[in-house]
Amino acid sequence: MGRDRARTGLVGRRNECQYLDHLLAEARAGQSGVLVVRGEAGIGKTELLNYLIERAVGCRIVRAAGVQSEMELSYAGLHQLCAPLLSHLDDLPEPQQNALRAAFGMRSGDAPDRFLVGLATLSLLAGAVGDEPLVCVVDDAQWLDRVSAQTLEFVARRLLAESVLLVLAVRESSPREAFTDLRELHVRGLSDRDSRKLLALTGPLDRRVRDRIVAETRGNPLALLELPRDLTAVDLAGGLAGLEPRPLSSQIENGFLRRVGSLPAETQQLLLIAAAEPVGDVALLRRAAELLGISVSTAEASAETSGLVSFGAWVRFRHPLVRSAAYRAADFEQRQRVHKALADSIDARVDPEPRVWHLASATTGPDEAVAGELERLAGRAQLRGGIATAAAFLQRATELTSDPARRGPRALAAAQTKYQAGAFDVARELVDAAELSHLDEVGSAQAMLLRGQIMSVSKSASAGVPLLLRAAERLQPFDAKLARETYRDAIYAALTAGRLAAGDVRDVAEAVLSAPPPTRPATREDLLLQGVARVITEGYAAGAPVLMEAVAAFRTEEVTPEDGLGWLPLVCRMAHTTWDFDAWSELSARLVEMGRGTGTLAVLPSSLLLRLSNRAFAGDLRGADSLVAEANAIGEATGSSFFAHYGALVLEPFKGRESSTFQAIEALTQDSLLQDEGKVTTATQWALAVLYNGLGRYEEAYVSAERGCENPQELGLSLQSRVELVEAAVRLGRTTWAAEAVRTIEEMAQASKTTWVRGISAATRALVSDGRAAEDLHREAVELLDRTQARMDSARARLRHGEWLRSEGRPADARERLSEAHEMLSEAGAEEFAERARRELQAAGAKVRKPVSVAPVVLTPKEFEIARLAEEGFTNPEIGARLFLSPHTVDWHLRKVFAKLGISSRKEISSVRPEGMTATH
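Fair warning: this is a prediction, and the values are worked out from it, not measured in the lab.

## Re helix α18 (residues 352–361)
Logical step 1: Within α18 the residues assigned to the buried category are Pro352, Glu353, Val356, His358, Leu359 and Ala360.
Logical step 2: Buried residues in α18 make contact with α13 (265–276), α17 (332–345), α19 (368–383) and α20 (387–399).

## Some words on the pattern of salt bridges
Logical step 1: In this structure the tally under the stated criterion is 55 salt bridges.
Logical step 2: The closest approach of N and O atoms between Arg451 and Glu435, which form a salt bridge, is 2.8 Å. Here Glu435 lies in helix α22 (residues 424–436) and Arg451 lies in helix α23 (residues 441–458), a separation of 16 residues in the sequence.
Logical step 3: Look at Arg451 and you get partly exposed, because its relative accessible area is 21%.
Logical step 4: Looking at Glu435, the relative accessible area reads 38%, which means it is partly exposed.
Logical step 5: For Glu586, the salt bridge goes to Arg590, with nearest N and O atoms at 3.1 Å. Taken together, the residues span about one helical turn, with Glu586 and Arg590 both in helix α30 (residues 581–598) at a distance of four residues.
Logical step 6: Where salt bridges share partners, they join Glu724, Glu727, Arg731, Arg796, Arg800, Glu803 and Arg836 into one cluster.

## Notes on the nonpolar core
Logical step 1: Counting residues in each nonpolar core, the largest one holds 133 residues, and the members touching the most others are Leu528, Met574, Phe654, Trp756 and Leu825.
Logical step 2: Tallying contributions element by element places helix α35 (residues 678–695) first for this core, with nine residues.
Logical step 3: With residues near it in sequence (within four places) discarded, Leu528 still touches Leu547, Ala550, Phe554, Trp567, Leu570, Val571 and Met574.
Logical step 4: Cys82, Ala99, Leu116 and Phe154 belong to the second largest nonpolar core, which has 61 residues in total.

## A short note on the packing of aromatic side chains
Logical step 1: Applying the stated criterion to the full structure yields eleven aromatic pairs.
Logical step 2: Pairing Phe581 with Trp584 gives two aromatic rings, centres 5.6 Å apart and planes at 75°, and the pair type is edge-to-face. Here the residue Phe581 and the residue Trp584 both occupy positions in helix α30, the gap between them amounting to three residues, near one helical turn.
Logical step 3: According to the relative accessible area criterion, Phe581 is buried, its value standing at 3%.
Logical step 4: Using a relative accessible area of 2% as the deciding quantity, one classes Trp584 as buried.
Logical step 5: When the centroid spacing of 5.8 Å and the interplanar angle of 70° are considered together, the rings of Phe654 and Trp686 count as edge-to-face. Taken together, the residues span a long stretch of sequence, with Phe654 in helix α33 (residues 642–655) and Trp686 in helix α35 at a distance of 32 residues. Per residue, the accessibility class of Phe654 equals that of Trp686, and both read buried.
Logical step 6: The ring of Phe154 is capped by Arg158, whose NZ or CZ atom sits 4.2 Å from the centre of that ring.

The rules behind each value
Residues numbered from 1 in each chain as written. Predicted model: local features only at pLDDT ≥ 70, side-chain atom pairs only at ≥ 80, totals over all residues. Heavy atoms only, no water. Buried < 20%, exposed > 50% of the residue type's maximum accessible area, 1.4 Å probe, protein only. Helix = DSSP H or I, 4+ residues; strand = E, 2+ residues; numbered from the N terminus. Contact = heavy atoms within 4.5 Å. Salt bridge = Lys/Arg side-chain N within 4 Å of Asp/Glu carboxyl O. Core = buried A, V, L, I, M, F, W, Y, C linked by side-chain atoms within 4.5 Å. Phe/Tyr/Trp six-rings, centres within 6.5 Å; stacked < 30°, edge-to-face > 60°. Lys NZ or Arg CZ within 6 Å of the ring centre and 35° of its normal.

Shown next, in the form of structure tokens:
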């Protein structure tokens, strides 16, 4: 089974071998490569991997193989691959070190974010290169556990300039679509000529038999080598009875099954142990064999002679179908005995999870001891991010539990982990099972909460709201903190669904207000929920002061990362709603830092979007672009394009870019996952109103702003739409319609009294006023807005004042104000608003040239973002951590940036920014 076998298996594979040689040459030249070798069972994928390993002279090689029975053990495959490289672990940034250590069970602590594990794996592989390329080979990758497969997919999409070659063999038509959209080598059957050449190596055959085998096997090398073994002397001489009209893989496996069955009993038992032990640990196999009274040396020799398996540093089956055949050849009782022997041979202190999994496989009826151990180790697995492992352990623990009082909570815990692992259908079934068992009142409420969460994720944001409300009500007497968090999630979902909510937002607010008051003094969380609910049910004036008190408490008091990640998204939205710009700025920045610091990618993208909205109103569109790039990098990692599109929806209208605004709107409105989110509808209408006001197309701006105001209970951008409505309506001469929106804004100003909203109120009242009153209000608006960080509103207030001064026949005063507006808007990157100011300046008699259009150096979006971060002083590892790239790839991109810009260091980037370079989209 050594080099001769490999050469035999490579008959007819010249092109494939040359391609692998080409990839090796690229890796030696400093490039990275990824290849998925895909094909049916027996087509020769493993032989090609073996060829690659033989040819990788002067390279460091690490390898792993997926095993079907190990698919439930999270990070098992990744640990196989990375184990030889763990000496480099200390070279990684601390968050990445901790993530990998937790994933591999090397430390306890919170479950690591799986994308942080991906980044850590990328850094580990890149850091292990040194003076020699790294070749990573993974066979049977379709059988890797889910998180290992996801991590390797993440890594594969980011390898670029690290001298790493990652090659994965994947069986065609595997149950789970794996490693799609990567470079593939599709291994097809041999030609008839090559098939006959390979078949000739098995011995003499009658021509008719040979042609029949060639036709039946369709060029599958393993079938060509194995099927003749099962032919009788009569068949070989020309009889045709031996070939069966069944699927080829089934024929091959049955051939292996017959060969296993022909071996001595002890050899069959040894193969069964090897088949049941997924890692291939020779020492463990021998310990288990000795417990079963097997003569190990004799059985190993017999197994090796059969050509079905080899025993070296690891046990290696000739083909995965051999493993399957060896397991199928045994009856149920034999498998039980083997699993029990394996469990008894494993040190529980070293490998507790494989041990208990073997124990569970050896158990048929209820067994509280095994169920309890599964439950305990599920908690351990969950702490290291092994959600799928924990779910499998808890599900099996439920099956082994006879006591209803214990079976219900275990089924509920299993449902929770299945939900976290994304297996929503199984989670629902386990909730059903839990409710059929004994659940106390708390358990029943938690089951209802879980049903609501599953519906919210699997259907729409609002679908689960009624269940969440009922769960919160039932949890209140037992767990006030969880009840409060459930109300928070319900109200956030209802605000997001807005006009499209399954139940009215008002229903949620009334449920919050009808909850029993806390027996202790109200916390900031209590105040926040009460404030939101009162704004919705009693009006802005009634709820805003309560909201402002809550926002101030979150701003001034310490907030732990756990609480911050849960509560600050809603707090930031309410800071915006109460027009507290300073709090919105500070808390959105703190939320982003918490997301970055903890690596919590479930929250970080939405945190970045909350922050970029703030930066847009602050007039920092270029800084907001950076946040979009970071959110987009996470979106690429998680397979979502929502973040980039929503970021564009907020920023592109201020820049006056009609085409890209419409692209973002189309992408968001066509996204099936957002069909039930009314907030998206409000945001798109607000965006169009801003765009058209900047372009001076006021009729279209008015229509969009009116639609954006339709559901004030959505708060946020629904309230901002009123400002756009006033500007468009006044330009169209519809002052009566504008007056109502002005009154609403003034009511908000009287309720919250922040400098920002007072400035906005003065600006909108100025638009519907005349003479001296209008003049005073315009000046008041500029003065107030200058005292805030809301520079976009300050610049636009100057623009409106300048336009009013020109219309009043005061060109000199108008030129002064419009010059200020033009400078501020140009600096912010609000191109069409700046152009509007330029046209007004020209009309007022000023000589203002259009900006000279100089073709900038065009960078890719990734190059642009890396250049920006490098200019700000971030190191390559820090840039890589933010954009999910290895430091080597960052360095590669920077060298391309330097070449395009004609510079030699990152210090020179500022000399060509911002006018001198731009990003393609």
